[in-house]
Amino acid sequence: MATRPDTARKLLLYWMYGTMGLVWLMSVVYITGDAVNGDVPAATAVVNAVLATGFFVLSPMLLTEAFEHRPKPTLKLLAAGLISVVLFFTSPLDGASTAMWMQTLTLWTSLAALYLPLRATVVLAASLCVGVASYAGFVTGQPWQSILLIEALNSFIMIAAMLAWRWLWWVIRDAHKSREARARLAVAEERLRFARDLHDLLGHSLSVITLKSELAAKLATKDQDRAAAEMAAVRALAGESLFEVQQAVHGYQALDLDEELAGVRAALEAAGASCVIEASTDGLSPSARMLLAWAVREGGTNILKHSTATRCVIRIDEGVLEMVNDGVTDLGAAPGSGLRGLSERLVTQGGSFSAGPTQGGHFLLRAAVPA
């Protein structure tokens, strides 16, 4: 689950790689057809095949460099542009492969759009469209206006598609980073709250203990009875402070079952997995609810970290929790420290725990507590 943004990026890139591979294959087929039909000499066909291969080898490199951010134009981009220009001028423009060679320049323009600002992209695309239409119209005798219209439309579509692909990845990446930032902020706020609570609890008590201890030390040689009384007060105050800290830690560790169910559902759905909850918790004791809340939290964390689940079902009935997901990745993996700790906690409280793959290809976490 944690690697889904990387998976989305790879899918988008592979999609474009596959498209370019298909265009390269069509280019080779057209080059071969031109040579067989005698439209170009065999030597020129070989050169064109090598140039086309070089262009479509450089293209994935350019995509990979420009997919994460907008880099400055590189020598590889310039080399791909020169290759596309040579291919355009050395290939026949009056045969079945005409559209192919005209689209090579358009494809390079869409790649350049990933490196250039919008204004520069518009100027480059307009210049190439006019140049291609003028030259193709002169060579073939066709009206240059119709060729210009087709080139302009193709350039707009290909540039828009290329920029949309990268924008889609940016949206996925930023959404993932936003979730991570919110999680880190929530942890930091909780730590700050706990630190503030400890300061409020212990600040005053420790100050009084310090003063009384100093007073008792001064009275030890002058008034032993009063010094003993001060130390007894110090001892009582220390005991009260310890009790208050224990209560604060207990409250910090306490979990609410309904909140944990809602939190796990939100986390799974944010990660792209559906979550169905069927919970009957009205008759559970507070201790049972807290144990099940810990089980829900650990089970949700386990799914997010270690599975590729697309669907999770959580059922609670008469103190028995079952979490089933379809994201089994490693059937032979040993349970992690979190699941082991959860198992020990449940067994100590008189419950039971099990977690592992099922015969149907799912992963089942089952926790039972005394209702």
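Keep in mind the model is a prediction, meaning the values are calculated, not measured.

## Looking at the overall build of the chain
Phase 1: Each helix and strand in the chain was counted, giving 10 helices and 5 strands.
Phase 2: Out of the 371 residues belonging to the chain, those deemed buried represent 34%.
Phase 3: In the chain, once contacts between residues fewer than 6 apart in sequence are set aside, the share between residues at least 24 apart is 69%.
Phase 4: For the chain, the exposed surface amounts to about 20,900 Å²; the carbon and sulfur share of it is 64%.

## Regarding the packing of aromatic side chains
Phase 1: The tally for this structure, following the rule as stated, stands at 6 aromatic pairs.
Phase 2: Between Phe88 and Phe89, the ring centres sit 5.3 Å apart and the planes meet at 75 degrees, which makes this aromatic pair edge-to-face.
Phase 3: In this structure Phe89 comes out as partly exposed when scored by relative accessible area, which is 45%.
Phase 4: In this structure an aromatic cluster arises from ring pairing among Phe88, Phe89 and Tyr135.
Phase 5: Sitting over the face of the ring of Trp294, Arg297 holds its NZ or CZ atom 5.6 Å from the ring centroid.
Phase 6: Seen from the ring of Trp294, Arg345 lies directly overhead, with NZ or CZ sitting 4.4 Å from the centre.

## What about the UniProt feature "transmembrane region" (unreviewed entry) in the chain?
Phase 1: Under the UniProt annotation, "transmembrane region" (unreviewed entry) lies at residues 12–31, 43–63, 75–93, 123–141 and 147–169.
Phase 2: The span residues 147–169 is 100% helix and 0% strand, and its two end C-alpha atoms sit 33 Å from each other.

## Some details on the state of the cysteines
Phase 1: This structure, assessed with the given rule, holds 0 disulfides.
Phase 2: The thiol of Cys275 is not disulfide-bonded; the next cysteine sulfur, from Cys312, is found 4.8 Å away.
Phase 3: The buried category is assigned to Cys275, whose relative accessible area is 8%.

## Considerations on unusual backbone geometry
Phase 1: One non-glycine residue, Glu318, lies in positive phi territory at about 55 degrees.
Phase 2: Mapping Glu318 onto the fold places it in the loop between strand 2 (311–317) and strand 3 (320–325).

## Side note on the sheet that holds strand 1 (residues 274–280)
Phase 1: With respect to topology, 5 strands assemble into an open sheet ordered 1-2-3-5-4, the strand pairing being mixed. Each edge of the open sheet carries a strand with a single partner, namely strand 1 and strand 4 (352–357). Between one strand axis and the next, the sheet turns through 5 degrees on average, direction left out of account.
Phase 2: Relative to strand 3, strand 2 runs antiparallel, the two being bridged by 6 bridges.

## Quick look at helix 9 (residues 286–306)
Phase 1: Here helix 9 contains 21 residues, and its C-alpha end-to-end distance of 30 Å stays within 8% of the 30 Å for a straight helix at 1.5 Å per residue.
Phase 2: Within helix 9, the full set of buried residues consists of Ala288, Arg289, Leu291, Leu292, Ala293, Ala295, Val296, Gly299, Gly300, Asn302 and Ile303.

## Things to note about a nonpolar patch on the surface
Phase 1: Nonpolar side chains collect at one region of the surface, where Leu22, Trp24, Leu25, Met26 and Val29 lie side by side and expose about 450 Å² of accessible area between them.
Phase 2: In this fold, Trp24 is placed in helix 1 (residues 4–37).
Phase 3: Residue class for Trp24 comes out partly exposed when judged on its relative accessible area of 31%.

What counts and how
- Residues numbered from 1 in each chain as written.
- Predicted model: local features only at pLDDT ≥ 70, side-chain atom pairs only at ≥ 80, totals over all residues.
- Heavy atoms only, no water.
- Helix = DSSP H or I, 4+ residues; strand = E, 2+ residues; numbered from the N terminus.
- Buried < 20%, exposed > 50% of the residue type's maximum accessible area, 1.4 Å probe, protein only.
- Contact = heavy atoms within 4.5 Å.
- Areas by Shrake-Rupley, 256 points an atom, 1.4 Å probe, with all protein chains shown as cover.
- Phe/Tyr/Trp six-rings, centres within 6.5 Å; stacked < 30°, edge-to-face > 60°.
- Lys NZ or Arg CZ within 6 Å of the ring centre and 35° of its normal.
- UniProt positions renumbered as here; feature names shortened; annotations may be inferred.
- Disulfide = S-S within 2.5 Å.
- Pairing = 2+ DSSP bridges.
- Axes fitted to C-alpha atoms, helices over the stretch in contact; angles between N-to-C directions.
- Expected span 1.5 Å × (residues − 1).
- Patch = residues over 30% accessible without salt bridge, like charges linked within 9 Å, V, L, I, M, F, W, Y side chains within 5 Å.
- Salt bridge = Lys/Arg side-chain N within 4 Å of Asp/Glu carboxyl O.

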